[in-house]
Amino acid sequence: LFVGRLDYTQKRVYRILETWKQIEKTFPEWRLTLLGDGPEKENLERLQLDMNLHNVSFEGVQDPISYYKRAALLVLTSDFEGFPLVLAECMSYGVIPIVYGSFPSIYDIINDGVDGIIVPKVNGCFSSNLMAEKINSLLSDYNMRNQMSKAAVNKSMNYSMDSIYRQWLEVLNKLENK
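Chemist: Just to check I follow, could you spell out the pairing of strand β5 (residues 96–100) for this structure?
Modeler: Within a regular strand, side chains alternate between the sheet's two faces. Taking burial as the measure, the five residues of β5 include five buried ones, the bulk of the element. Burial along β5 is two-sided: Ile96, Ile98 and Tyr100 facing one way and Pro97 and Val99 facing the other are all buried. The pairing of strand β4 (residues 73–76) with β5 spans four bridges and is parallel. Note that in β5 the partner of Leu73 across the bridge is Ile96. Following the chain from β4 across helix α4 (residues 85–92) to the adjacent parallel β5, one finds a crossover that is right-handed. Inspection of the sheet shows β5 paired to strand β6 (residues 117–119) by three bridges, in the parallel sense.

Chemist: It is not clear to me how the side chain of Ser102 should be interpreted in this structure. Could you clarify?
Modeler: Take Ser102: it is sitting in the loop between β5 and α5 (106–109). Look at Ser102 and you get buried, because its relative accessible area is 14%. A distance of 3.2 Å separates a polar atom in the side chain of Ser102 from the backbone oxygen of Asp79. In this structure Ser102 touches Ser78, Asp79, Phe80 and Lys121, once residues within four positions along its chain are discounted.

Chemist: I would appreciate a short explanation of unusual backbone geometry in the present structure.
Modeler: If you check the backbone angles, Arg12 has positive phi at about 50 degrees while not being a glycine. Note on placement: Arg12 falls in the loop between β1 (2–3) and α1 (14–21). Its identity is not glycine, yet Asn52 carries a phi of approximately 60 degrees, on the positive side.

Chemist: Could you clarify how one ought to interpret the sheet that holds strand β3 (residues 56–60) in this entry?
Modeler: Pairing between sheet strands relies on hydrogen bonds along the backbone, with the strands arranged either parallel or antiparallel. Within the open sheet, the three strands sit side by side as β1-β2-β3. Their pairing is parallel. Each edge of the sheet is formed by a strand with only one pairing partner; in this case those strands are β1 and β3. Strand direction decides the pairing type here: strand β2 (residues 32–35) and β3, joined by four bridges, are parallel. Paired with Leu34 across the two strands is Phe58, which belongs to β3.

Chemist: Is there a simple way to think about helix α7 (residues 142–156) in this case?
Modeler: Think of an α-helix as turning once every 3.6 residues; residues three or four places apart then point the same way. With 15 residues, α7 should reach 21 Å at 1.5 Å per residue; the first-to-last C-alpha distance of 21 Å fits that figure. The complete set of buried residues in α7 reads Arg145, Met148, Ser149, Ala151, Ala152, Lys155 and Ser156. Buried residues belonging to α7 abut α4, β5, α5, β6 and α6 (128–140). You can read the cap of α7 off the contacts: a side-chain oxygen lies 3.2 Å from the backbone nitrogen of Asn143, and it is on Asp141.

Chemist: What am I meant to see in the packing of aromatic side chains here?
Modeler: Two aromatic rings, taken as a pair, are described by how far apart their centres are and by the angle between their planes. Here the structure, examined in full by the defined rule, presents three aromatic pairs. Ring geometry for Tyr68 against Tyr93: centres 5.6 Å apart, planes inclined by 25 degrees, an arrangement best described as stacked. With a gap of 25 residues between them, Tyr68 in helix α3 (residues 65–70) and Tyr93 in the loop between α4 and β5 connect regions that are remote in the sequence. Geometrically, the ring pair formed by Tyr100 and Phe126 is edge-to-face, given 5.1 Å between the ring centres and 85 degrees between the ring planes. On the criterion of sequence distance, the pair formed by Tyr100 in strand β5 and Phe126 in the loop between β6 and α6 is long-range, its members being 26 residues apart. Comparing Tyr100 with Phe126 shows no difference in burial state: the two are buried. Positioned above the aromatic ring of Tyr8 is the side chain of Arg12, whose terminal nitrogen or guanidinium carbon lies 4.2 Å from the ring centre.

Quick notes on the rules
Residues numbered from 1 in each chain as written. Predicted model: local features only at pLDDT ≥ 70, side-chain atom pairs only at ≥ 80, totals over all residues. Heavy atoms only, no water. Buried < 20%, exposed > 50% of the residue type's maximum accessible area, 1.4 Å probe, protein only. Helix = DSSP H or I, 4+ residues; strand = E, 2+ residues; numbered from the N terminus. Pairing = 2+ DSSP bridges. Right-handed = clockwise from strand over helix to strand, strands pointing away. Polar contact = N/O pair within 3.5 Å; in protein donor to acceptor, adjacent residues only side chain to side chain. Contact = heavy atoms within 4.5 Å. Expected span 1.5 Å × (residues − 1). Phe/Tyr/Trp six-rings, centres within 6.5 Å; stacked < 30°, edge-to-face > 60°. Lys NZ or Arg CZ within 6 Å of the ring centre and 35° of its normal.

So this is what it looks like as structure tokens:
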């Protein structure tokens, strides 16, 4: 699953299609679903056709909750991000994030190999081969997916309203006691 803006400058969604090209034939029972819209939508649909990818659907702008409920993985290949809310959202539904390690906050959000996968840069660049390898390993191992899915849900609790409220309350109490 991908949820986000279909643009080139930041999201680099074409990388997901390049990665999927390496996965689709090995796992024909899996499907890549892309939610969102943006200036690159037509180019990405053309790229899908040019790459002869079959198990890909562009769903447009949708409420992602029903997609989270049936997805196993969420892929993010952005060159830069702040704090992508889509990660906390998907993790709360047990969807395992697989994210390109191109921005600092990702290392605070995901414990690599525990509640998600961070795909490091290779020679300073994105590697669809390495991303495909990481996805292949999860698709091949139900037990690992199940364990990481549970860990993702647990990690998402750090971003719940109750958790954030308690953290703010703690900060405000410390300020008041100074």
